[in-house]
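Each chain, letter by letter, is given below.
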Amino acid sequence: MYLGVDYYPEQTDRALWNEDVRLMKELGVNVIRMAEFAWTMMEPADGEFDFSFWDEVVETFGEHFDIVLGTPTATPPAWLIEKCPEILPVTKDGVRISFGARRHYTVNSPIYREYCERITRKMAERYGRHPRVIGWQTDNEYGHEQSDRSYGDVDQVAFQAWLKERYETLDALNAAWGTVFWSHTYTAWTQIPVPRTVFQEHNPSLLVDFDRFCSDAYRSFNKLQVDTLRPLIHEDAFITHNLVYSDMAINQQQMAQDLDYVSFDNYPVWGGLPEPNRFEKTAHDHDLCRSSKQGKGFWVMEQLSGAQGWSRIGYLPRPGHIRLWTHQAVARGAEAIVYFRFRAADFGTEEFCHGIIDHDGKPKRKFEEVKHVMSELHAHGDMINAATYKSDVAVYFDQENLWAWTHQPHSDAFNFKQEFVRFYGAAVRQGVNTDIVFPGDALDSYKLVIVPLYFLGNDVFDETLIDYIENGGNVIFTYRTGVKDPINRCHNLTLPGKFAEYAGIEIDEYESLQTVQSNEVRLGDQVSEANIWCDLITPKGAEVLATYGQAFYKGTAAITRHTYKGDVTYIGSSVDDAMLDTVYHEALTRAGIDANRLPDDVEKVDRHGDGQLIRFYMNHSTEVTSSVELDGTWQTLDGETMTGTLELEPLAVFLLKQEVGA
Ligand code: GLA
């Protein structure tokens, strides 16, 4: 198992290199990632290349470790920006982003693509065949830090060309977008704007098409680097990109198809956040990585190890957090962990993006914790990686649906990712493994498919899902299902559209609730606040599980279940986690899945090995000790026998194994 550190020799006094090698070896490091921000060192002037420093680095560190090199295109040099300012991205307000930080480029600049192809090729020609260079990372965190969209002239020209290829005729585009509305009808491609700032709001179809364009542009930018690298690197070397899986105009699952591995930068907490994200969010991120490559293992190319932040310094990971977050990633499919960063920088914007060793260079608590985790994973990591991650439960996600919601959130209380993670996390809390599925993925192996917030339709997924339901599949839908067609227009079916007959309901009215508003939902004796949205459901064959408790629609159905062939449950409002627990537990149980609500903040993940079941129990609470009842006799990976009640102290991790059939 690859275990390593992100290292910046260009930011580290040469006199420290030998000490760093010694300390890295003491940790158990076998791989280091470098060079992803080193363009100016390699090309100090236009067309003049100097690899002498990096030759020394690759030789010095290559004596001891394998190496992943980053192409340096996230930081174009000052001389290049001075020569070609069109490379700089432009905000929707028309402000050109200044040189002075990073990610200061638009992928739609043909000139920039030429320079990126050249520096990538020069690096690959230099190091592509080096036996210790085992992998290449393209760029760094595409689209991150607001760099996923650019609204400049070069972007507009590229967008118009993209539209012409997609719609072929202006008539088709005008019809698709409904441009007769507010007199937008376009009579020339050059009239079509990138969605810069307007007084009101842009056409929803233009907005989602612009997101699709931005995503395609980044994907082709990445593919240019992949295609440049491939013929110049040794055949065992891999190409990856470190994704950040956030609400960007990038379809990272599509991009993953062009990579040998998905990599992910795992920061459960960053900057000014007072505490880490809920553990279900991080679990969701890992499931996205594994599922976007059809279950293939991924790399955590940056694993938080110290408090992170630029001008504001973030949360200090508690003793045990590094180990907990590492095992959570491994449990959900990470087959390599690279810790960010080995040594803190003495200068630059990231002086306080702490790593394993702080500015005084002394190995302390974090060093010892990483060392302990690496020793565990050097002992058991390959066995875990070889064990299969299997799931009976799938949760549907489509980046384009996220975009549509982002442009039309309905309520000031709505945040897509937060709501999505709530509907995903309710399954995780029941102690079941979960997969994420995308348009085009098969569903027939799952006992339950959860389809949260399915607002923007996808014809491919619709067909797969209907086939799954017709064959007895069990589904959970949530509010605002079936509203839009794929070009982000409302269709004319009574909601939930195509799925009305399967859900056994009709939605004749609905209400958006702003942050200051709420209703309530009553499910037997259980009462939940109803926030964000209320679908007023009329059963058409479905059983009513819960009703609204207030307003003119008091007593109207809020949650229903229809046994079509399997169960089709519809959750018509944003009810609280406790009510989701109730609804999910029943849906999972009826689907024949062994579901048991875990204690708060406790996570369970199973891996199926050769003749044995490996189970991770992880307590993400920093305060509360919880306990779980073990079913049967288990052993720790070190051979200690465990039965009965397992006590999980704060931030505890237990890796247990049980012979299959025990
Ligand atoms: C991101 C980047 C790194 C660094 C860290 C700091 O993940 O990839 O270059 O900026 O954040 O937390």
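Residues numbered from 1 in each chain as written. Predicted model: local features only at pLDDT ≥ 70, side-chain atom pairs only at ≥ 80, totals over all residues. Heavy atoms only, no water.

Chemist: Could you give me a rundown of the packing of aromatic side chains, with the residues and numbers involved?
Modeler: In this structure the tally under the stated criterion is 48 aromatic pairs. The interplanar angle of 85° and the centroid separation of 6.3 Å between the aromatic rings of Trp177 and Tyr186 together place this pair among those described as edge-to-face. For Tyr186, a relative accessible area of 11% gives the class buried. With centroids separated by 4.9 Å and ring planes inclined at 50°, the aromatic side chains of Phe238 and Trp299 adopt a geometry described as tilted. In this pair, Phe238 sits in strand E5 (residues 238–243) while Trp299 sits in strand E7 (residues 298–304), placing the two residues 61 residues apart along the sequence. Looking at Trp299, the relative accessible area reads 3%, which means it is buried. Each member of the aromatic cluster is reached from another via a ring pair, and the members are Tyr7, Trp17, Phe53, Trp54, Phe61 and Phe342. (Phe/Tyr/Trp six-rings, centres within 6.5 Å; stacked < 30°, edge-to-face > 60°. Buried < 20%, exposed > 50% of the residue type's maximum accessible area, 1.4 Å probe, protein only. Helix = DSSP H or I, 4+ residues; strand = E, 2+ residues; numbered from the N terminus.)

Chemist: An account of the site of the ligand is needed here, citing residue identities and associated values.
Modeler: In the vicinity of the ligand, the residues found are Phe37, Arg102, Asn140, Glu141, Asp265, Tyr267, Trp270, Glu302, Gln308, Phe340, Glu350 and Cys353. At 2.9 Å, a side-chain N or O of Asn140 approaches an oxygen atom of the ligand. Within the side chain of Glu302, an N or O atom sits 2.5 Å from an oxygen atom of the ligand. When the ligand is considered free in solution it has 300 Å² of accessible area, and contact with the protein chains removes 98% of it. (Near = heavy atom within 4 Å. Polar contact = N/O pair within 3.5 Å; in protein donor to acceptor, adjacent residues only side chain to side chain. Areas by Shrake-Rupley, 256 points an atom, 1.4 Å probe, with all protein chains shown as cover.)

Chemist: Help me get a handle on the sheet that holds strand E24 (residues 641–642), residues and values and all.
Modeler: Taken in spatial order, the five strands line up as E20-E21-E26-E23-E24 in an open sheet, and their pairing is antiparallel. Each of the sheet's edge strands pairs with one partner strand only, and the pair in question is strand E20 (602–608) and E24. Where strand E23 (residues 634–636) lies against E24, two bridges are found, and the strand directions are antiparallel. Pairing of Gln635 across the sheet is with Thr641, part of E24. Here helix H11 (residues 321–331) sits on the sheet and contacts E20, strand E21 (612–619) and strand E26 (653–659); the angle it forms with E21, its principal contact strand, is near 145°. Seen against the sheet, helix H12 (residues 365–386) touches E20, E21 and E26 and runs at an angle of roughly 115° to E21. (Pairing = 2+ DSSP bridges. Contact = heavy atoms within 4.5 Å. Axes fitted to C-alpha atoms, helices over the stretch in contact; angles between N-to-C directions.)

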